[in-house]
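# Summary of the model geometry
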Amino acid sequence: MNRMTPDEKFLLKLYETAKKSGDLEQENDSILVAKEVGLKETAVKNIVKHLAQANFVKKGDGTMVHLTSHGCRFVEEYLQ
């Protein structure tokens, strides 16, 4: 069985949260998303930093983030 990395767990939950809203690029609070998958606040700051550098997420104000089209494609391919 393929175990998911913390980064993948975060991306998947961010995708699921955005998909429920009907807007895949909707901003969400990264801290709340991290808590839903059991990540600590200090870990999520580094995860968001690296995911932003890889162009999977874009940072907004404060702790807000949203998926980029690249991030959406990654998650959709991961789910297949």
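Note that the structure is predicted; figures quoted are calculated from it, not measured.

## Structural notes on the environment of Gly62
Of note, Gly62 is situated in the loop between β2 (57–59) and β3 (64–67). On the basis of relative accessibility, which here comes to 75%, the residue Gly62 falls in the exposed class.

## Considerations on the nonpolar core
With 19 residues, the main nonpolar core has Phe10, Leu11, Leu14, Leu51, Val57 and Leu67 as its most contacted residues. Put simply, the parts of the chain that give this core at least two residues each are α1 (6–21), α2 (30–36), α3 (41–53), β3 and α4 (69–79). Beyond its immediate sequence surroundings of up to four residues, Val57 is in contact with Leu11, Leu14, Val48, Leu51, Ala52, His66, Leu67 and Thr68.

## Comments concerning the packing of aromatic side chains
Inspection of the entire model under this criterion finds two aromatic pairs. Ring geometry for Phe56 and Phe74: centres 5.0 Å apart, planes at 50°, overall tilted. Taken together, the positions of Phe56 in the loop between α3 and β2 and Phe74 in helix α4 put the pair 18 residues apart, joining distant regions of the chain. Take Phe56: its relative accessible area is 15%, and that puts it in the buried class. Pairwise contacts between aromatic rings join Phe56, Phe74 and Tyr78 into one cluster.

## Some thoughts on α3
The end-to-end C-alpha distance of α3, which contains 13 residues, comes to 19 Å, matching closely the 18 Å that a straight helix rising 1.5 Å per residue would cover. Those residues of α3 that sit buried are Val44, Ile47, Val48 and Leu51. The buried residues of α3 all sit within an arc of 100° when viewed along its axis, so they share a single face. Away from the buried face of α3 by more than 90 degrees, exposed residues Thr42, Lys45 and Gln53 are located. Tucked into the core, α3 has its buried residues touching α1, α2, β2 and β3. After α3 finishes, the residue Asn55 shows a positive phi value of roughly 65°.

Thresholds applied
- Residues numbered from 1 in each chain as written.
- Predicted model: local features only at pLDDT ≥ 70, side-chain atom pairs only at ≥ 80, totals over all residues.
- Heavy atoms only, no water.
- Helix = DSSP H or I, 4+ residues; strand = E, 2+ residues; numbered from the N terminus.
- Buried < 20%, exposed > 50% of the residue type's maximum accessible area, 1.4 Å probe, protein only.
- Core = buried A, V, L, I, M, F, W, Y, C linked by side-chain atoms within 4.5 Å.
- Contact = heavy atoms within 4.5 Å.
- Phe/Tyr/Trp six-rings, centres within 6.5 Å; stacked < 30°, edge-to-face > 60°.
- Expected span 1.5 Å × (residues − 1).
- Arc of directions from axis to C-beta.

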